[in-house]
Each structure stands twice: as structure tokens, then as C-alpha cells.
Amino acid sequence: MKKTLITALLICSALVFTACGKSAVNTETTGTTAPVQSSNASEGSDEVSTEAPGNAEEFKILTGKVVSVSDNMDQITILNGKAETTLDLDRVAVETSYALEEGVEVSVVYKGEISGNDAKNADILLVLDAQEGMKVAEATGTVTDQAMSTFTIKTESGVEMGFMKDNAEGLDSDVLGKAEDDSNGSGAKVKVTYVTVTYDAGSASNFPLKVEAAR
């Protein structure tokens, strides 16, 4: 009788631990889901929403139309397909040609995940003028100039590229190096992950998302 009772208790305990293990696996979320380019706008409507994958899925781009902006400019709601998604703009660099207001189209660069109207798992980095087909790109070169809000590199092919210093990862370190001459060039070799905005007048600006040392 005692052996039977002990055996029954052991079986029950095993079942309890097995159930707990399955529950933990089922509720775990992962960040490895590939972003999907999507457009949920119905045909003939003026709804705008496109989501593009970024570099190695680290940085992503969401383009949509502004629905509303909070009074203190710390939140913005954009039309994301048929959903209205509210984004937190606290400590976010906003670089748009037009004031953020209803009807303005913007491209939002972020990390993490945005699903419909759920942006709680997204880290918003930049709000820029809307760009059709905006892509995350990379450039490697040596630092030839530094200023308060910009820096310039010369790529391996000899092309000079200028970048803004807005909210980019790595810029709070000395990755750009110290100026070695009057040109403020340091000669430090860096890899820049960035996006480009082309304006109506034809000019363009490069906005870095990440700056890291290159070998």
C-alpha cells in the first residue's frame, strides 16, 4: 500500500513539472522573427503604411501618415495600415522639413517590433521626412572632419560622405577619434550604418544609426 501511494505521488509530481515546463516555453517571446514588408492600405484609400527590414534586421523603417501629435510633442500617432500606432518620442531625434502635424507623412527608424497599434517593444530612434523605398545602408572609411553636429568620412573608394550626429549608437564614445590636424580629421577608421533623406529641392542628408570602429 505504501509503495503504491509513493509511486502515485511520484507520477503526479512528474506531470506537474512537465506542465510547468511547457507553459514556460509557450509564453517565451523571441526577437528573431524576420520583419515583413507590408502595406495594409485598402485599394483606392489614402492610408499609407510600409514597413521595411533594416540592416541584418537590427534597424527597421516604418512609413506612415501622422494622425495626431501630443501637446508637448512627446508622442505621435501615425496610421499604420488600418491601425493607429502611438509612438513615444522621448529622447528621439526628429528631423523633418515640415512641422509634425496631422496629414504629414514620416519615416520612423526603430529597433525592436511594431505590430499593428502595439509599439511597446519598439525603440524609436529617428523621425524623418517620408521616403519611398528608404533603406538602411553601410559605409566604411576614415574620419576626415568633425564638427559639433556633423562628421565626414572618406570611403575606401575615395568618396567623401557627410553625416549628421543625431542619436546614433557609438557616438557617445571616442569612436571618431581625436583631431590630428587643422581639418579636424582623426584618421580613425569607422563603419557607419545610416539612412539617407532626399529633400524636395534635391539635396540629401545622411543620418547615422550606428557608428563603430572598423578594422
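Cut-offs applied
- Residues numbered from 1 in each chain as written.
- Predicted model: local features only at pLDDT ≥ 70, side-chain atom pairs only at ≥ 80, totals over all residues.
- Heavy atoms only, no water.
- Pairing = 2+ DSSP bridges.
- Helix = DSSP H or I, 4+ residues; strand = E, 2+ residues; numbered from the N terminus.
- Axes fitted to C-alpha atoms, helices over the stretch in contact; angles between N-to-C directions.
- Salt bridge = Lys/Arg side-chain N within 4 Å of Asp/Glu carboxyl O.
- Buried < 20%, exposed > 50% of the residue type's maximum accessible area, 1.4 Å probe, protein only.
- Phe/Tyr/Trp six-rings, centres within 6.5 Å; stacked < 30°, edge-to-face > 60°.

Below, the discussion takes up the sheet that holds strand β12 (residues 204-213). Strand order across the open sheet formed by five strands is β10-β9-β8-β11-β12, with antiparallel pairing between neighbours. Looking at the sheet topology across the chains shown, the edges are occupied by β10 (160-164) and β12. Each strand of the sheet is rotated relative to its neighbour by a mean of 50°, with strand direction disregarded. Here five bridges tie strand β9 (residues 150-155) to β10, and the two strands are oriented antiparallel to one another. In the strand pairing of β10, Thr152 is matched with Gly162.

The next thing to look at is the pattern of salt bridges. One pass over the structure, following the stated rule, counts eight salt bridges. Of the charged contacts, one joins Lys111 and Glu58 as a salt bridge, the two residues approaching to 3.4 Å between their closest N and O atoms. Here Lys111 is found in strand β6 (residues 105-112), whereas its partner Glu58 is found in the loop between β1 (49-52) and β2 (60-69), with 53 residues between them in sequence. What makes Glu58 partly exposed here is its relative accessible area of 23%. Taking the shortest distance from any N to any O, the salt bridge between Lys191 and Glu212 comes out at 3.7 Å. A residue pair is termed long-range when its members are at least 10 positions apart, and Lys191 in strand β11 (residues 189-198) and Glu212 in strand β12 qualify at 21 residues.

Let us look at the packing of aromatic side chains. Per the counting criterion, the structure on display carries two aromatic pairs. Centre to centre, the rings of Phe151 and Phe163 are 5.2 Å apart; their planes meet at 20°, and the pair counts as stacked. Of this pair, Phe151 sits in strand β9 while Phe163 sits in strand β10, placing them twelve residues apart in sequence. Side by side, Phe151 and Phe163 carry an identical accessibility label, which is buried. Members of the aromatic cluster, each reached through a chain of ring pairs, are Phe151, Phe163 and Tyr194.

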